[in-house]
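# A closer look at the structure
Residue strings, one per chain:
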Amino acid sequence: MILVDILLDGLFAAVAGVGFGAISDPPLRAFRYIALLAAVGHACRFCLMTYLGWDIATSSLFGSLTIGFGSLWLGKKVFCPMTVLYIPALLPMVPGKFAYNMIFSLIMFLQTMDDPQEKMKYMSMFFSNTIVTTTVISLLAAGATLPHFIFSKRAFSLTRRKPGEEE
Amino acid sequence: MERNESLLPVAKFIAEYAAHMMGSGVHTSRVKRSSKRIGKAFNTDIKLNVSQKTIVISATHNETGETYSEVVDIPVLPISFEHNAELSALSWETYDQHLSLEEVRQKYNEIVSAPKMDPMFVLILVGLANASFCRLFGGDWLSMGIVLSATITGMFLRQRMQANHINHYVVFAVSAFVASLCASTSLIFDTTSEIALATSVLYLIPGVPLINGIIDIVEGETLIGCSRLISAFLLIICIAIGMSFTLMLVKNSLI
């Protein structure tokens, strides 16, 4: 049952990654690797959060590190820069629920200014959701960029076809 | 390595190339690297100063010492990973295969004018993506169906408005309002309506500028990174405005 949960999570993440990626016009040859990376990254975060009980920020960092190293490895196969593979793959990990709660609590805060207790409730809700959203998004991008710094030579030449090698 | 191209056409081409790459949503350090690589292939030293709307380019020929500089405007283009990948590959091809400037320009024109993905196909993919996203947040099947139809409605509207060159803040606010209004129909049913409402606008989140902004900051291009983050943040505010109209309408049934 655990395996089915993980696979389903990966599957839905893959569909989400490909769909959101499609808005930004990726090369057709990259689609299956985007799906694969999105699935692996999100499933990794899902496992860490559900079975090991880690918090969302740390789990997201590890998920994005997986995606980053994965894109470094797969990028060479399809001659795509890392960002082309990892940005769409990261999109399903954007913490949408927290972002929504951030906006919702902001509106409710403005609406309940006269009631001190309600006001405080929505204010703390706004701050906690804002902190989670910004931290997770920053860690996602930072984690996926890290392989750039460690393996910069490989990362810079992913789109290079060997001299003399024809397509 | 040495090719007898005069400086001016090479510099003009690289200026256009760099501006196109910045417009298609490539992070700054890659634009600089690829432009310098093409320059090196033509024995020219390229230096770029990039800001949100313009690029200052300075090209110096390594032998004659002749220098040319220009300020180019960055065109407003839709984000394209395809151009990102192909134009980066073009820079390596130029460097490795000793192409002449005419060949490079011809390949560049081919890449830039290649047909895009069919908007209908994108529409369906985005709908499915947002429905799966709803599932990831714990929505049930009914919510997924509602999010699918809400997203397709909102995305269709966004594509039509963008084709008519309406101001993109307006586009984002209106699409967010319409999509969340469609999703608010879930309040009638016994379903995970809050999740449906929350996910319905997420297809609008400007993920590429957000992540590019952080990449730029991490790589030391702090100014351009901040500009990208600010412009992404403005779009998020527009989404919030659109969604808050819906929330005001339905908030009594949400609490």
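What counts, and where the lines are drawn
- Every chain's residues receive numbers from 1 upward, in the order its sequence appears when written.
- Labels are handed out in written order, letters beginning with A for the chains and numbers beginning with 1 for the ligands.
- With the structure being a predicted model, the display of local features is reserved for residues of pLDDT at least 70 and the display and counting of side-chain atom pairs for 80 or more, all residues being used for whole-chain, interface and lining totals.
- Only hydrogens and water are removed before side-chain values are computed, so all heavy atoms of the structure are retained for them.
- UniProt positions are given in the numbering used here, feature names are shortened, and annotations may be inferred rather than shown by experiment.
- Should a side-chain nitrogen of Lys or Arg be within 4 Å of a carboxyl oxygen of Asp or Glu, the pair is scored as a salt bridge.
- Helix and strand assignments come from DSSP, with helices taken as H or I runs of at least 4 residues and strands as E runs of at least 2, each series counted from the N terminus.
- Each residue is assigned to one of three classes by its accessible area relative to the maximum for its type, calculated with a 1.4 Å probe on protein chains only: buried under 20%, partly exposed between the two thresholds, exposed over 50%.
- When DSSP locates at least two bridges between a pair of strands, those strands are taken to pair.
- Residues with no salt bridge and a relative accessible area higher than 30% make up the patches, which join like charges within 9 Å and nonpolar side chains (Val, Leu, Ile, Met, Phe, Trp, Tyr) within 5 Å.
- Only the protein chains shown count as cover for residues, and all accessible areas are computed by the Shrake-Rupley method using a 1.4 Å probe.
- In a helix, the anticipated span is given by 1.5 Å times the number of residues less one.
- Nonpolar cores were defined as sets of buried Ala, Val, Leu, Ile, Met, Phe, Trp, Tyr and Cys residues, with membership established by side-chain atoms within 4.5 Å.
- Contacts are assigned to residue pairs that have any heavy atoms within 4.5 Å of one another.
- Buried area, as used here, totals the accessible surface that two parts lose on assembly, with accessibility defined by a 1.4 Å probe and the loss added over both.
- Residue classes follow a fixed rule: Ala, Val, Leu, Ile, Met, Phe, Trp, Tyr, Cys and Pro count as nonpolar, while Asp, Glu, Lys and Arg count as charged, and any other residue, Gly among them, counts as polar.
- The quantity known as pLDDT measures the predictor's confidence residue by residue, on a range of 0 to 100.

By the naming in an unreviewed UniProt entry, chain B goes by Threonine/serine exporter family protein and is assigned to Parabacteroides faecalis. Word for word, the UniProt comment on chain B under Subcellular location (unreviewed entry) is "Cell membrane". According to the UniProt record, the Sequence similarities (unreviewed entry) comment for chain B is "Belongs to the ThrE exporter (TC 2.A.79) family."

In the annotation of an unreviewed UniProt entry, chain A is listed under the name Threonine/serine exporter family protein and assigned to Parabacteroides faecalis. UniProt lists a comment for chain A under the heading Subcellular location (unreviewed entry), and it reads "Cell membrane".

## Overview of the pattern of salt bridges
This model, assessed by the stated rule, comprises 8 salt bridges over all chains. A salt bridge links Glu118(A) to Lys121(A); the shortest N-O distance between them is 3.8 Å. Taken together, the residues span about one helical turn, with Glu118(A) and Lys121(A) both in helix H6 (residues 116-150) at a distance of 3 residues. Residue classification places Glu118(A) among the partly exposed positions, given a relative accessible area of 27%. Between Asp45(B) and Lys47(B) there is a salt bridge; the shortest N-O distance is 2.7 Å. For Asp45(B), a relative accessible area of 30% puts it in the partly exposed group. Of the residues examined, Lys47(B) reaches a relative accessible area of 46% and is grouped as partly exposed.

## Re the UniProt feature "domain: Threonine/Serine exporter ThrE" (unreviewed entry) in chain A
The positions UniProt marks with the feature "domain: Threonine/Serine exporter ThrE" (unreviewed entry) are residues 10-150 of chain A. As annotated, residues 10-150 of chain A comprises 83% helix and 0% strand, and the C-alpha atoms at either end are separated by 27 Å.

## Quick notes on the pairing of strand S3 (residues 67-73) of chain B
Residues and elements named next belong to chain B. Summarising the sheet, strand S2 (residues 54-61) and S3 pair through 7 bridges and their orientation is antiparallel. Note that in S3 the partner of Ile57 across the bridge is Glu70. Between S2 and S3, which follow one another and run antiparallel, lie 5 residues, and Gly65 among them has a positive phi close to 75°.

## Looking at a nonpolar patch on the surface
A cluster of nonpolar side chains, namely Met1(A), Val4(A), Leu8(A), Leu11(A), Val15(A), Ile124(B) and Leu128(B), defines an oily patch on the protein surface of about 620 Å² accessible area. Taken together, the elements giving at least two residues each to the nonpolar patch come down to helix H1 (2-23) of chain A together with helix H5 (119-136) of chain B. In this fold, Leu11(A) is placed in helix H1.

## Thoughts on helix H3 (residues 81-97) of chain B
Residues and elements named next belong to chain B. An ideal rise of 1.5 Å per residue puts 24 Å on 17 residues; H3 measures up with 24 Å between its terminal C-alpha atoms. By the criterion of burial, H3 is predominantly enclosed, with 14 of the 17 residues buried. Positioned one or two residues after H3, His98 has a phi angle of 50°, which is positive.

## A few points about the nonpolar core
In terms of nonpolar packing, the biggest core is built from 87 residues, with Leu85(A), Tyr86(A), Leu90(A) and Ile211(B) touching the most fellow members. For this core, the element with the most residues is H5(B), which contributes 9 residues. Apart from residues no more than four positions distant in its own chain, Leu90(A) is found in contact with Ser64(A), Ile67(A), Leu140(A), Ala141(A), Ala144(A) and Ile211(B). Residues Val10(B), Phe42(B), Val50(B) and Val72(B) belong to the second largest nonpolar core, which totals 32 residues.

## Examining the UniProt feature "domain: Threonine/serine exporter-like N-terminal" (unreviewed entry) in chain B
The positions UniProt marks with the feature "domain: Threonine/serine exporter-like N-terminal" (unreviewed entry) are residues 13-249 of chain B. Regarding residues 13-249 of chain B, the helix share stands at 67% and the strand share at 9%, and the terminal C-alpha atoms are separated by 53 Å.

## As for the interface of chain A and chain B
Listed by partner, the interface residues are 55 residues for chain A and 57 residues for chain B. When chain A packs against chain B, close to 5000 Å² is buried across both sides, 73% of that on carbon and sulfur atoms. Of all residues in chain A, Phe12(A), Asp25(A) and Tyr100(A) give up the largest surface area on contact with chain B, accounting jointly for 14% of the area buried on that side. For the interface between chain A and chain B, the tally reads 1 salt bridge. Put simply, Glu86(B) and Arg29(A) hold a salt bridge, and the shortest N to O gap is 2.9 Å. Elements with a minimum of two residues in the side of chain A that touches chain B: H1, helix H2 (31-50), helix H4 (82-90), helix H5 (96-111), H6 and helix H7 (152-156) of chain A. The residue makeup of the side of chain A that touches chain B, split by class, is 37 nonpolar, 11 polar and 7 charged.

## Examining the confidence of the model for chain B
In the predicted model, chain B carries a mean pLDDT of 88, and the fraction of residues at 70 or more is 97%. Mean pLDDT values for the elements of chain B range from 85 in helix H8 (residues 193-199) of chain B up to 93 in S2(B).

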